[in-house]
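Read off the chains here:
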Amino acid sequence: MGIFDGFPIPPDKEYLRDELSRIDESWAAARFDSLPHVVRILTSKDREGEVQDLKEQSDVVEDVVDEVVHAYHGGFNKAIQNYSQILRLFSESTESIGVLKVDLAEAKKRLGTRNKQLHQLWYRSVTLRHIISLLDQIEGIAKVPARIEKLISEKQFYAAVQLHVQSALMLEREGLQTVGALQDVRSELTKLRGVLFYKVLEDLHAHLYNKGEYSSVASSMHEKDDEVPTTTAVAFVSNTSQPVSRRTRSVRGDGQFGSQGLVDGSYRLGSIDGGSSYDGHDEDGSLEPHDERLNGGDGKDVKLVSHQIPVWLLNSTPDEFVETIKKSDAPVHVKYLQTMVECLCLLHKVAAAGAVICQRLRPTIHEIITSKIKAHAEFINSSRSGIDKATRTGTSNLHFIKGQLESYQLPKQKRQNGIALAGTLLAVSPVSPVMAPTGKAQAAAKELLDSILDSVVRIFENHIVVGELIESKCSLQSDTNTPKSLLTDVNLDSEASQVTGGYSIGFSLTVLQSECQQFICEILRATPEAASADAAVQTARLASKVPTKEKRDGSEDGLTFAFRFTDATISVPNQGVDLIRQGWSRRAPNVLQEGYGSAAVLPEQGIYLAASVYRPVLQFTDRIASMLPKKYSQLGNDGLLTFVENFVKDHLLPTMFVDYRKGVQQAISSPAAFRPRANTSVSYAISVEKGRPVLQGLLAIDFLAKEVLGWAQAMPKFSADLVKYVQTFLERTYERCRTSYMEAVLEKQSYMLIGRHDIEKLMRHDPSSACLPNALGQSNVRNIASDAESVEVESELSELLLNLRPIKQENLIRDDNKLVLLASLSDSLEYVADSIERLVQGTPQTSNHVESGKPSHTRTSSSPTRDLASFADEYRKLAIDCLKVLRVEMQLETIFHLQEMTDREYLENQDAEEPDDFVISLTAQITRRDEEMVPFVAGVKRNYIFGGICSIAANASIKALANMKSTNLFGVQQICRNSIALEQALAAIPSIDSEVVRQRLDHVRTYYELLNMPFEALLAFIAEHEHLFTAAEYVNLLKVQVPGREIPPDAQDRVSEILSH
């Protein structure tokens, strides 16, 4: 922008602005030098033109100046007029002040003559005003008791306390002490002090346990119905350096309400669910958000708190405390608790209130737990009101068993062989169905305990608020009464205990956890006194103390809650003692409380419910630890959780190990444990629910292992120990399975053969072994071998087996029941191995508490997972050995029957109508064993078991020719008839490929039919099918004497010559 851009040029003369822009800015420089311009004009060729340009620019500047003057002319005139008017007014004021000075001097002169008389009148007026004030005060004080009673009836306690304190101070003033008419007022105020204390304490007690009008639970109900005139309260999180639980509503601010010493928490909106919420209370005692209903469904973070004066302070006199409460963002119930504590401080009744709260703490908590259980029981009973009571009682156990069966997904129907599977499994478990890890008793106990502990947490939040407020009052008094130089040498613990009447956050936490422990002991049917003999002494010592700085981090401050101590008698100051006795002693706080009545809610009670107790207690401890102030942080590391963990470690785990070890022993030692049971008319089922005939012993072990791991999932900290239990049970079961396997195969040739390295290697490379289960983590997916390689492996294996001839019958497994046992054992072992692998996959490497988020509560590592996986491999290896024994056994059985071909001459006189007896016996045996194994083995495994018969029979039949001396046409037909019968028997097995069987046995028939060919035709066949048979097999054809067939002397040489080409 140019230096001339700011000039006020009218729109009709915009051309002047363009003209100004052409003028060089050097003309407007502060120190103008004209010499360069003169020299430029004198040296210019067109001097006249340059001069004319300067004149034109001068005219433009003069026009602009005219416009500027015209624009500012009116303003200049108005300013001049204003200044002249100011000068005129200033002159007039000067004259008026001079006149006023003269008048003041004259007035001073006149008043000086009557100074003494005026002073006497002033003193008399002051005296009269003082007398009138005293009379007004006396009249007002006389009405104070009635006003206080009215305020008490309206529950305006703070206003009543204010009025009482002010009136008491007024009565102590000089001038009123000698007024006899006020003696009755003094007496009434003394009585009202006790009444006020009792009323305030009663209201504070009700709100401590969420039973008051402004409690967190009641507030949410009132706010929902718009019954509270103050602004809706929402859940806040204390904005302090102290840790806060996820759902806490406690106040732990580091500021104070001025000299009043009241803690003022700085609150901000907070919600655990990502939105604004107010923790209300529903039927089961859990905290649920309500603000969506209060705010028209809007779940956004909207700050709803306004600085309105609460209802209970409407009649109070404004002071520092009222202003602080008015500006505080704390929830309604916290503000009310602050008000009640402030009332007690004004009445100097903190110690008496603390003593009464201590006396009433345990019986009140006991009553709350009991009433909550009763309400829960009534709710359950009302939900079953449509069912006849007698019928409910008679069938309750059946309902529980049904629920347990459904939770474990056990089959509801009986197995087809008539054995009740569900009953078999449930019989081996040491716990009833309702007490199982997912049983109804566990769910009911967890639900009930969650509800109780949630209520206790909310009560403890109130105790934290009150405890911190009282401690802050005590610290202020200590700071006021104790010199700073002596603070380090004073035992503040005992003094604080006396000032607060023994009440503290530590004491309330001790009693709350102790009462919760008693409730848990009732659930577990445990005797708490047996756990620790000196626990009561230890806790009595620590319960009434505030942890000192020196011992705050020490391990000796841990509490052992394995007791039920009786509340010690606490001395109460004399003031108000009679009223306390009248109001509270009727409830007998030190009377020994009986049980809680949890049996009305829980289907069963017992030690195994510790699994459902552990997680709620863990979450409870985490919430308590996050709520505690720093000076009490050590208390959160011990207590209820330590008791539960010690109980689990010292009582539950040993009991569980003994019970389940006994169940395992019974399951595997039962006569029916390894007895195959299935209906032979049904086919194999892939799942137990559909009838898979897993051996009862192994099925029971699988059930028990899953149940123990279910306990491990419920108690992650002890999962390593429980996994070790499972490993022990699986190891014993494996030994029992190995024993049953050895009883079936001991001293049998098939068992010895699968242990030979050469045969084991050939069987491993046999393509048919691809169907075997995956063992030792190796993949069974192999590269597809060529036909030549497959034939070579089969030939080598057949050669090894055929070289074992003659096979003796005593070396074979002749008992079909043992073969069925091996088949069933193999399938059952594979079932357990698969189940273990699923458990391994479902077992996390490290446990993470949901609930807690603390790694200190987890001990599970990856080593137990690897151990379980190794057990799965061991079980699967034994299952594979069973299948290998069955396959080799059927091959040896085939060789045993077919070896009779070498002892017989096939010189028949007539056409064969039936196969040989040994073939009939073999085929009948194959059919019978296949039918017996159908329910126990999958089709692909049966293919493996019986699939080796075809190749071994074909090779044995062909090699049998080498031992024959002569045969005829009918003999060849007999051999072919034998192969056809064997083909029909094998093809009848559904799992075997009949086409492969036909090709193999066609090969045998083709070989024997070559005996019927003349020599020349045989040579032609050999030339065309050079590789169909081996050279030795072709030569063996020439050695057999067949009637009507002439073999020249050089026959073998000619055959060798053909095969050599």
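The rules we used
- Residues numbered from 1 in each chain as written.
- Predicted model: local features only at pLDDT ≥ 70, side-chain atom pairs only at ≥ 80, totals over all residues.
- Heavy atoms only, no water.
- Helix = DSSP H or I, 4+ residues; strand = E, 2+ residues; numbered from the N terminus.
- Contact = heavy atoms within 4.5 Å.
- Areas by Shrake-Rupley, 256 points an atom, 1.4 Å probe, with all protein chains shown as cover.
- Axes fitted to C-alpha atoms, helices over the stretch in contact; angles between N-to-C directions.
- Parallel < 35°, antiparallel > 145°, perpendicular 65-115°, else oblique.
- Nonpolar A, V, L, I, M, F, W, Y, C, P; charged D, E, K, R; others polar.
- Phe/Tyr/Trp six-rings, centres within 6.5 Å; stacked < 30°, edge-to-face > 60°.
- Buried < 20%, exposed > 50% of the residue type's maximum accessible area, 1.4 Å probe, protein only.
- Lys NZ or Arg CZ within 6 Å of the ring centre and 35° of its normal.
- Expected span 1.5 Å × (residues − 1).
- Arc of directions from axis to C-beta.
- Patch = residues over 30% accessible without salt bridge, like charges linked within 9 Å, V, L, I, M, F, W, Y side chains within 5 Å.
- Salt bridge = Lys/Arg side-chain N within 4 Å of Asp/Glu carboxyl O.
- Lys, Arg positive; Asp, Glu negative; His and termini not counted.
- Charge placed at Lys NZ, Arg CZ, Asp CG, Glu CD.
- Core = buried A, V, L, I, M, F, W, Y, C linked by side-chain atoms within 4.5 Å.
- pLDDT = per-residue confidence, 0-100.
- Left-handed = near helix turned anticlockwise from the far one by under 90°.

*Asks:* Any chance you could explain the overall build of the protein here in plain terms?
*Replies:* Along the backbone of the protein there are 35 helices and 6 strands. Pairs at least 24 residues apart make up 80% of the contacts formed inside the protein by residues separated by at least 6 positions. Carbon and sulfur atoms make up 53% of the accessible area of the protein, which totals about 53000 Å².

*Asks:* Any chance you could explain the packing of helix α29 (residues 917-933) against helix α30 (residues 939-960) here in plain terms?
*Replies:* The geometry of a pair of packed helices is captured by two quantities: the angle between their axes and the separation between those axes. Orientation of α29 relative to α30, taken along the N-to-C sense of each, is 170 degrees, at an axis distance of 11 Å. Relative to α30, the element α29 lies roughly antiparallel. Here α29 contributes I926, R929, D930 and M933 to the contact with α30, which in turn contributes R942, I945, F946 and I949. Classifying every residue of the contact of α29 with α30 gives 5 nonpolar, no polar and 3 charged.

*Asks:* For this particular structure, what's the right way to read the packing of aromatic side chains?
*Replies:* In this description, an aromatic ring pair is defined by two values, namely the gap between the centres and the angle between the planes. This model, assessed by the stated rule, comprises 15 aromatic pairs. Measuring from ring centre to ring centre gives 5.7 Å for Y734 and Y875, while their planes differ by 50 degrees; the resulting arrangement is tilted. Residue Y734 is found in helix α23 (residues 719-745), and its partner Y875 is found in helix α28 (residues 862-898); the two are separated by 141 residues along the sequence. With respect to class, Y734 is no different from Y875; both count as buried. Ring geometry for Y741 against Y751: centres 6.0 Å apart, planes inclined by 75 degrees, an arrangement best described as edge-to-face. Of this pair, Y741 sits in helix α23 while Y751 sits in helix α24 (residues 749-754), and the two are 10 residues apart along the sequence. Residue classification places Y741 among the buried positions, given a relative accessible area of 0%. Residue class for Y751 comes out partly exposed when judged on its relative accessible area of 26%. Positioned above the aromatic ring of F197, the side-chain terminus of K349 is 5.0 Å from the ring centre. Lying over the aromatic face of Y944, R887 brings its terminal NZ or CZ to 4.7 Å of the ring centre.

*Asks:* Can you help me understand the environment of L730 in this one?
*Replies:* Residue position: L730 is located in helix α23. Its relative accessible area of 3% is what places L730 among the buried residues. With 25 residues separating them along the chain, L730 and A705 place their C-alpha atoms 8.0 Å apart. Not counting chain neighbours up to four residues away, the residues in contact with L730 comprise I701, I836, L868, F871 and Y875.

*Asks:* In this structure, what is going on with the side chain of N1036? I would like to understand it.
*Replies:* Position of N1036 relative to the elements: it lies in helix α34 (residues 1031-1039). Excluding residues within four positions of it along the chain, N1036 makes contact with L961, A962 and Y1007.

*Asks:* It is not clear to me how α29 should be interpreted in this structure. Could you clarify?
*Replies:* Side chains that are three or four residues apart share a direction in an α-helix, a result of its 3.6 residues per turn. Here α29 is 17 residues long and its end C-alpha atoms lie 24 Å apart, about the 24 Å a rise of 1.5 Å per residue gives. Taken together, the buried positions of α29 are occupied by F918, V919, L922, T923, Q925, I926, R929, D930 and M933. Considered in projection along α29, the buried side chains sweep an arc of 160 degrees and stay on one side of the axis.

*Asks:* Even after reading the chapter, I still don't get a negative patch on the surface, so can you show me in this structure?
*Replies:* Where like charges cluster on the molecular surface, the negative patch consists of D46, E48, D53, E56, D59, E62, D63 and D66. When you line up the elements, D53 lands in helix α3 (residues 47-111).

*Asks:* Honestly, a nonpolar patch on the surface in this entry has me stumped. Any pointers?
*Replies:* Taken together, the side chains of L128, I131, I132 and L135 present a nonpolar region at the surface, about 370 Å² in accessible area. Examined against the element boundaries, I131 turns out to sit in helix α4 (residues 115-142).

*Asks:* Is there a simple way to explain the nonpolar core in this structure?
*Replies:* Nonpolar side chains in soluble globular proteins tend to be buried together. One finds L698 and Y1008 to be the most contacted residues of the largest nonpolar core, which totals 236 residues. Ignoring sequence-local partners within four residues, the contact set of Y1008 consists of M901, S957, I958, A960, L961, M964, V972 and I975. In this structure, L16, L20, I23 and V60 belong to the second largest nonpolar core, which totals 5 residues.

*Asks:* I'm lost on the pattern of salt bridges in this one. Help?
*Replies:* Two side chains of opposite charge can pair, provided their charged atoms sit close to one another. Enumeration over the complete set of coordinates arrives at 27 salt bridges. Close ionic contact of D816 with R928 constitutes a salt bridge, the shortest N to O distance being 2.6 Å. Placement of the pair is D816 in helix α27 (residues 816-842) and R928 in helix α29, with a sequence separation of 112 residues. Linked through salt bridges whose partners overlap, the residues forming this network are R814, D816, E893, R928 and R929.

*Asks:* Hey, could you run me through the confidence of the model for the protein in this one?
*Replies:* For residues with low pLDDT, the predicted coordinates do not support detailed interpretation. Taken residue by residue, the protein gives an average pLDDT of 75. The fraction at 70 or more is 72%. Residue range residues 386-420 is modelled with pLDDT below 50. Its contacts to residues more than four positions away, or to other chains, number 45 contacts. For residues 480-493, every residue scores under 50 in pLDDT, and the model assigns this stretch 7 contacts once sequence neighbours within four places are set aside.

*Asks:* Whenever I open this one, the packing of helix α7 (residues 183-208) against helix α12 (residues 350-383) confuses me. Can you help?
*Replies:* Close contact between α7 and α12 brings their axes to 11 Å; oriented N to C, the two are set at 40 degrees. In terms of axis orientation, α7 runs oblique to α12. Considering only the axes of α7 and α12, their crossing is right-handed. Facing α7, whose interface residues are F197, L201, L204, H205 and L208, α12 presents A352, A353, V356, I357, R360 and T364.

*Asks:* Got a minute to help me understand unusual backbone geometry in this structure?
*Replies:* With the exception of glycine, most residues fall at negative phi, and the peptide bonds are largely trans. Looking along the chain, the bond that leaves R805 and enters P806 is cis, with omega of 5 degrees. Mapped onto the elements of the fold, P806 is located in the loop between α26 (787-802) and α27. Within the chain, K155 stands out as a residue other than glycine whose phi angle is a positive 60 degrees. The phi angle at N210 is positive, at roughly 60 degrees, despite the residue not being glycine. With respect to the helices and strands, the residue N210 is situated in the loop between α7 and α8 (216-224).

*Asks:* What should I look at first to understand the environment of G697 in this one?
*Replies:* In this structure, G697 sits in helix α22 (residues 696-714). Assessed through its relative accessible area of 0%, G697 is described here as buried. Remark: the alpha-carbon pair of G697 and C737, spanning 40 residues in sequence, is separated by 9.3 Å. With residues near it in sequence (within four places) discarded, G697 still touches A667 and A673.

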